[in-house]
Every structure is written in C-alpha cells, then in structure tokens.
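Chain by chain, the residues run as shown.
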Amino acid sequence: MLHLDHLHLRFGALPVLEGFSMDLAAGERVALLGPSGCGKSSVLRLVGGLLAPSGGRIAGLPLRTASVFQQATLMPWATVRDNVALPLRLAGQTAATARAQAAGLLQRVGLQGFADALPHTLSGGMQMRAALARAWVTDPELLLLDEPFGALDEQSREQLGQELLSWCAARPALACILVTHSVFEAVALADRVLVLSPRPARVLLEIDVRAIRELAHQQAANWTEQDAYFALVRQAQQALQRGMTA
Ligand SMILES: Nc1ncnc2c1ncn2[C@@H]1O[C@H](COP(=O)(O)OP(=O)(O)OP(=O)(O)O)[C@@H](O)[C@H]1O
C-alpha cells in the first residue's frame, strides 16, 4: 500500500534521513523504535504531509489518513463531542450527523457522559481517548501514531493499547505506523517492528512479530507466547544497544 522510497530530509545542515525506505501493507501495523532524535517523528510527518522530503518518493498514500500525537491537541474552547465531530464537519457533514457519529465513538472509547465537557476538565488519559476517537471517526485507512500513549500512566497505556488493537481487529484493512520509545509497546501492538539507528535513521533490524508469534503457537508445549514476547523484546533491546554503540 504505502512505499517510502529512499527518503532524504535535512533541517538546515542537519541530515535527519538519508535514503530511508520502508513499506507498509494494508492492514499492517508497523512500529518504529529508535533512540531519541533519530528521525522517527520526521518519518511520520513526511507521511502525514507536514514535511516535504528533500529527496526520495512517497507512493501509495491512502486518501483517509489520521494522526494522533503524544499531546491530545483538542480545541480547548469546544466540547469533547465537537472536538471528535470536527473532522466530519470539515468533510462537509451536517452538525447533527457529525455529532451523532461522534457520540457513538465517545461511547466506544469509554467517554460516554463526557460529551459536553470541555477538554481541560478531562484527565490526560481521557483526553487521549478523545484524540483517538477524533482519529477514528473518519474511518481512516492509515493511522499515524506518534507516541500516543507516551504521557500516560502504565494502566492507561495498557488499556488504550488494547482498545487500539480491538479497533484495528474490527478494521482488517486499517494500516498503522506507531512511533514509540517502548520496546514492550512496540512488540505488543505491532505486526512488524523496525529498530532504527541513531540519526540519520536507517533500519537496523526488522522483527516480524506475527511470524514469531505463529512459531510460538506451533511449539506451544515448550515455547509459550510469553517466551516469544520476551525473546522479541530482548532482540529489539540488543539491536538498539548495538546501534547506540556502533
Ligand atoms: N522543525 C525542526 N527544525 C530543526 N530541527 C528539527 C526539526 N524537527 C526535528 N528536528 C531535529 O531532527 C532530528 C529528528 O527529530 P525527530 O523528532 O524526527 O526525532 P525522533 O526520533 O522522533 O525523536 P524523539 O524520539 O526524541 O521524539 C532531531 O535532531 C531534531 O532535533
């Protein structure tokens, strides 16, 4: 579906990407894991059209793309429902239709009862739920997630991660790129993990989480899914450490 082909990006004299490539199939979740400042968010911003590459090519970008960032970035003066309804209003739907759809989504993310609240009256986790609802309301084909759970406590991270998985499970064609600092989150949420080098980012290691989970299923008697999970986490951690010391 999406092809990033030898992307180059500089900020002034700073080379951030020098020939970065990756592919993403429809329905696939790919996590980008890498040291701080290596260029993960820049990749997302290029895909989201917030930055233009100085070289290379982005092909196969779907029509409906939605982004969620570490900050919920809700409009402070609008109710939670109107925040979630905004993408539909911008797409030309009537206020009544957009609000009705937003209300359904708010229920889905556990924010029923908060539709008329202003964002500042919600906790960080609740604001992030609203931001996810705002992304989901457009029924995107591609979801760009930039450390969406980074500012949350562990329990909220876990809960929202599970909600994300169940949302994706109900939409088999939805593809996601998830930027995260957490090896655990990457392995738990992604189908494929790309471990990136320090800037300029290049792929040090690609882990196919699905294939290894499948292997664990086949060998269930002596290798559980939990063993596979920790093996993957160790593999990613070692690749990150090797990248840092290379
Ligand atoms: N608008 C900008 N102007 C100048 N430099 C920038 C800009 N945005 C990012 N950079 C620099 O580009 C590099 C890559 O930034 P980016 O945000 O993509 O990294 P990252 O891997 O997402 O980092 P982190 O994990 O810390 O969020 C960093 O060195 C950063 O300082």
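From a predicted model like this one, the values you see are computed outputs, not experimental measurements.

Caption draft 1: Seen up close, the environment of Leu24. Within the secondary structure, Leu24 sits in strand E2 (residues 14-24). Along the chain, Leu24 and Leu142 lie 118 residues apart, while their C-alpha atoms are 9.7 Å from each other. When residues no more than four places from it in sequence are discounted, the contact partners of Leu24 are Met1, Leu2, Val30, Leu142, Ala175, Cys176, Ile177 and Arg192.

Caption draft 2: Representation of the pattern of salt bridges within the structure. In total, this model carries eleven salt bridges according to the counting rule given. Taking the shortest distance from any N to any O, the salt bridge between Glu28 and Arg210 comes out at 3.0 Å. Taken as a pair, Glu28 in the loop between E2 and strand E3 (29-33) and Arg210 in helix H7 (residues 209-218) lie far apart in primary sequence, 182 residues in all. When its relative accessible area of 37% is taken as the criterion, Arg210 is described as partly exposed. One salt bridge connects Glu163 with Arg129, and the closest N-O pair in it is separated by 2.9 Å. Within this pair, whereas Glu163 is found in helix H5 (residues 154-169), its partner Arg129 is found in helix H4 (residues 124-136), the two being separated by 34 residues in sequence. Within the structure, one salt-bridge network assembled from shared partners comprises Glu28, Arg192, Glu206, Asp208 and Arg210.

Caption draft 3: Up close: empty space enclosed by the protein. On inspection of all chains with the given rule, the structure shows two cavities of 30 Å³ or more. The calculated volume of the largest cavity comes to roughly 60 Å³. What lines the largest cavity is simply Ser41, Leu44, Arg45, Gly48, Leu50, Ser67, Phe69, Leu144 and Asp146. Elements that contribute at least two residues to the lining of the largest cavity include exactly helix H1 (40-47) and strand E6 (142-146).

Caption draft 4: Summary view of the nonpolar core. Judged by nonpolar contacts, the single largest core of 54 residues is most densely connected at Leu143 and Val193. If you tally residues by element for this core, the top one is H4, at seven residues. Formed by 24 residues, the second largest nonpolar core is a distinct cluster that contains Val30, Leu32, Val47 and Val179.

Caption draft 5: Spatial organisation of the sheet that holds strand E8 (residues 192-196). Pairing is mixed in the open sheet, where six strands are placed in the order E5-E6-E7-E3-E8-E9. Edge positions in the sheet fall to strand E5 (65-68) and strand E9 (203-208), since each has one partner strand and no second. Each adjacent strand pair in this sheet contributes to an overall mean axis angle of 15°, direction not counted. Relative to strand E7 (residues 175-180), E6 is paired through five bridges, and the arrangement is parallel. Looking across to E7, one finds that Leu144 is bridged to Ile177.

Caption draft 6: Local environment of the packing of H4 against H5. Viewed as axis vectors pointing N to C, H4 and H5 meet at an angle of 15°, and their least axial separation amounts to 11 Å. Taken together, the axis directions place H4 and H5 in an arrangement best described as roughly parallel. The handedness of the crossing between H4 and H5 is right-handed. Contact with H4, carried on its side by Gly125, Met128, Arg129, Leu132 and Trp136, involves Gln159, Leu160, Glu163, Leu164 and Trp167 of H5 and no other residues of that element. For the contact of H4 with H5, the per-class residue count stands at six nonpolar, two polar and two charged.

Caption draft 7: View of the site of the ligand. Taken together, 15 residues sit near the ligand, with Ser36, Lys40, Ser41, Ser42 and His181 positioned nearest. At 2.8 Å from an oxygen atom of the ligand is found a side-chain nitrogen or oxygen belonging to Ser41. Within the contact set of the ligand, an oxygen atom lies 2.6 Å away from a side-chain nitrogen or oxygen of Ser42. Its free accessible area being 640 Å², the ligand has 64% of it covered by the protein chains. Of all the secondary-structure elements, those providing two or more residues to the shell around the ligand are E2 and H1. Examining the composition of the shell around the ligand, we find that four residues originate from one element, H1, more than from any other. Tallied by class, residues from the shell around the ligand come to five nonpolar, six polar and four charged.

Caption draft 8: The pairing of E7, seen in detail. Within E7, six of the six residues are buried, which leaves it mostly tucked inside the rest of the structure. Covered by surrounding structure in E7 are Ala175, Ile177 and Val179 together with Cys176, Leu178 and Thr180, the residues of both alternating faces. Regarding the hand of the β-α-β motif, the stretch spanning E6, H5 and E7 is right-handed.

Criteria and cut-off values
Residues numbered from 1 in each chain as written. Predicted model: local features only at pLDDT ≥ 70, side-chain atom pairs only at ≥ 80, totals over all residues. Heavy atoms only, no water. Helix = DSSP H or I, 4+ residues; strand = E, 2+ residues; numbered from the N terminus. Contact = heavy atoms within 4.5 Å. Salt bridge = Lys/Arg side-chain N within 4 Å of Asp/Glu carboxyl O. Buried < 20%, exposed > 50% of the residue type's maximum accessible area, 1.4 Å probe, protein only. 1 Å grid on protein atoms, 1.4 Å probe; cavity = no way out; pocket = protein on both sides within 12 Å on 5 of 7 lines; lining within 4 Å. Points joined across faces, edges and corners; volume = space filled by probe spheres on them. Core = buried A, V, L, I, M, F, W, Y, C linked by side-chain atoms within 4.5 Å. Pairing = 2+ DSSP bridges. Axes fitted to C-alpha atoms, helices over the stretch in contact; angles between N-to-C directions. Parallel < 35°, antiparallel > 145°, perpendicular 65-115°, else oblique. Left-handed = near helix turned anticlockwise from the far one by under 90°. Nonpolar A, V, L, I, M, F, W, Y, C, P; charged D, E, K, R; others polar. Near = heavy atom within 4 Å. Polar contact = N/O pair within 3.5 Å; in protein donor to acceptor, adjacent residues only side chain to side chain. Areas by Shrake-Rupley, 256 points an atom, 1.4 Å probe, with all protein chains shown as cover. Right-handed = clockwise from strand over helix to strand, strands pointing away.

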